[in-house]
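Per-entry structural report
Next come the chains, spelled out residue by residue.
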Amino acid sequence: MRKLLRQGIVGLSAAASLALLPTAATPAQAAPTAIPSGMTWTVLAEGAANGTVRVGADSGTDPYYGDTPATATLPLLCLRVTGSGLPSGITPDFYAGWARGTVAATPPVLGRSLTSRSVADSLCAQYYGTGWRMAEFHDGRYGSNLESSGGWSFWAHGYLPEATRFWAAIDDQPANPWN
């Protein structure tokens, strides 16, 4: 641009050309603080007539930094672990464990309102009762006695709306709306 100005090809005034030049940002002009993001899951599969659902990460999920700005309003994925036995037709493994309970979704919640895991757990208990909490990335269990914890998805009893994203927690990464 400067070369074109010197050659007279671009006819801008000196003041206008200075306005086009990049300037260094002052501390007051530094980039705004990033909006926190939270990890979201979705329905991956439904059990064949046995009232189960598989929820978990899909191509839109980022379990390391979060995939959805905390300014979004989404249902919260809740889980109540009851110790229920493994239904027939499900073979749990590391990537698709059995959660030993039931899932449900709250009405949509503003991500920014989830200021801590305890706040999220309280919302699940508020909607569904004692023993309900926010579902977590590692809730799926596998192994001969379901003694091992996996990740990425899990099966549970319940019915959830398809084609919906849900806030889900992850305990070992900064990918929650409150991080």
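Below, the structure is looked at part by part. (Residues numbered from 1 in each chain as written. Predicted model: local features only at pLDDT ≥ 70, side-chain atom pairs only at ≥ 80, totals over all residues. Heavy atoms only, no water.)

Where strand β6 (residues 77-81) meets strand β7 (residues 97-105), 5 bridges bridge the pair, whose relative direction is antiparallel. What sits directly across from Val 81, in β7, is Gly 101. Here β6 pairs with strand β9 (residues 132-134) via 3 bridges, running antiparallel. Note that in β9 the partner of Arg 80 across the bridge is Trp 132. (Pairing = 2+ DSSP bridges. Helix = DSSP H or I, 4+ residues; strand = E, 2+ residues; numbered from the N terminus.)

Before going further, it helps to spend a moment on the pairing of strand β3 (residues 52-56). Successive residues of a regular strand alternate their side chains across the two faces of the sheet. With respect to burial, β3 is a largely interior element, 4 of its 5 residues being buried. Relative to β3, strand β2 (residues 40-46) runs antiparallel, the two sharing 4 bridges. Across the sheet, the residue bridging to Val 43 is Val 55, located in β3. Of the pairings in the sheet, the one linking β3 to strand β12 (residues 153-157) comprises 5 bridges and is antiparallel in character. For Val 53, the partnering residue across the bridge sits in β12 and is Ala 156. (Buried < 20%, exposed > 50% of the residue type's maximum accessible area, 1.4 Å probe, protein only.)

With that out of the way, let us pick up unusual backbone geometry. We note that Arg 100 has phi near 60 degrees; this positive angle belongs to a residue other than glycine. Inspection of the secondary structure puts Arg 100 in strand β7.

Core analysis: the largest hydrophobic core is formed by 20 residues, its most contacted members being Met 39, Trp 41, Val 55, Leu 77, Val 103, Phe 154 and Leu 160. For this core, the secondary-structure elements that each account for two or more residues are β2, β3, β6, β7 and β12. The dominant element in this core, judged by the number of residues it contributes, is β7, at 3 residues. Contacts of Met 39, omitting those with residues within four sequence positions, involve Thr 61, Asp 62, Pro 63, Gly 66, Asp 67, Phe 137, Phe 166, Trp 167, Ala 168, Ala 169, Ile 170 and Ala 175. (Core = buried A, V, L, I, M, F, W, Y, C linked by side-chain atoms within 4.5 Å. Contact = heavy atoms within 4.5 Å.)

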